[in-house]
Amino acid sequence: MEEKDLVCEEAFVHQEHVQTAKSHMPDEDQLFLLAELFKVFSDSTRIRIICALAEEELCVCDIADLLGASQSAVSHQLRLLRASHLVRSRREGKSIFYSLDDDHVYAILNQGLDHIGHTGRGSENNEND
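Residues numbered from 1 in each chain as written. Predicted model: local features only at pLDDT ≥ 70, side-chain atom pairs only at ≥ 80, totals over all residues. Heavy atoms only, no water.

> Would you mind showing me how to read the packing of helix α4 (residues 60-67) against helix α5 (residues 71-83) here?
Any two packed helices are characterised by how steeply their axes cross, that is the angle between the axes, and by the distance between the axes. Between α4 and α5, the least distance of the axes is 9 Å, while the angle of their chain directions is 110°. Classified by the angle their axes make, α4 and α5 are roughly perpendicular. Seen from above, α4 lies across α5 with right-handed handedness. Residues V60, C61, I63, A64 and L67 of α4 lie in contact with α5, whose contacting residues are Q71, V74, S75 and L78. (Axes fitted to C-alpha atoms, helices over the stretch in contact; angles between N-to-C directions. Helix = DSSP H or I, 4+ residues; strand = E, 2+ residues; numbered from the N terminus. Parallel < 35°, antiparallel > 145°, perpendicular 65-115°, else oblique. Left-handed = near helix turned anticlockwise from the far one by under 90°. Contact = heavy atoms within 4.5 Å.)

Given below as C-alpha cells:
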C-alpha cells in the first residue's frame with residue numbers, strides 16, 4: 001500500500017466521530033497497563049509457556065523439557081508471567097506447579113490465535129509471510 005492510500009486527501013476532522021472515540025477511550029493509566037500486558041505477550045517463549053499451561057498444570061522441569069530450555073530460562077519467564085498476573089503457582093512437596101491465573105488469559109490467547117487465523121497469517125500456505 002502506498003503512503004497516499006493511507007492518508008486523507010482532504011484535511012477535515014469529523015468531530016462527532018472523534019468525540020465518540022474520545023468518550024470511550026480508557027484513561028492513560030489503563031492504557032499504560034494494557035500496553036505492559038501486551039508486551040508480556042510479545043515473547044514467543046512466554047507464549048509457548050502460556051499455550052502449554054492452557055492445556056495442563058506443569059512444573060518448571062516439565063516446561064523446560066517441553067520447550068527444550070533450561071530451568072533457569074523457564075523460571076525467569078515464569079517470574080515475568082507471575083508478575084503480570086498471567087500465571088499462578090502452587091507448591092506440592094518439592095515441586096512448584098504453574099497454571100494460568102484465570103480464564104481471561106486463556107481468552108486472550110484464543111482471541112490472538114483466532115485473529116491470526118482470520119487474517120491468514122496463521123496459515124502455512126500463506127505466500128505473503
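> Honestly, a negative patch on the surface in this entry has me stumped. Any pointers?
On the surface, E55, E56, D62 and D65 cluster together to form a negatively charged patch. By the element assignment, D62 lies in helix α4. (Patch = residues over 30% accessible without salt bridge, like charges linked within 9 Å, V, L, I, M, F, W, Y side chains within 5 Å. Areas by Shrake-Rupley, 256 points an atom, 1.4 Å probe, with all protein chains shown as cover. Salt bridge = Lys/Arg side-chain N within 4 Å of Asp/Glu carboxyl O. Lys, Arg positive; Asp, Glu negative; His and termini not counted. Charge placed at Lys NZ, Arg CZ, Asp CG, Glu CD.)

> Even after reading the chapter, I still don't get helix α3 (residues 44-55), so can you show me in this structure?
Helical periodicity: at 3.6 residues per turn, an α-helix aligns residues three or four positions apart in one direction. Taking 1.5 Å as the rise per residue, α3 with 12 residues should run 16 Å; its terminal C-alpha atoms sit 17 Å apart, in good agreement. Taken as a whole, α3 has its buried residues at R46, I49, I50, A52 and L53. All buried residues of α3 project into a common sector of 165° when viewed along the axis, lining one side. For α3, the exposed residues lying more than 90 degrees away from the buried face are S44 and E55. (Expected span 1.5 Å × (residues − 1). Buried < 20%, exposed > 50% of the residue type's maximum accessible area, 1.4 Å probe, protein only. Arc of directions from axis to C-beta.)

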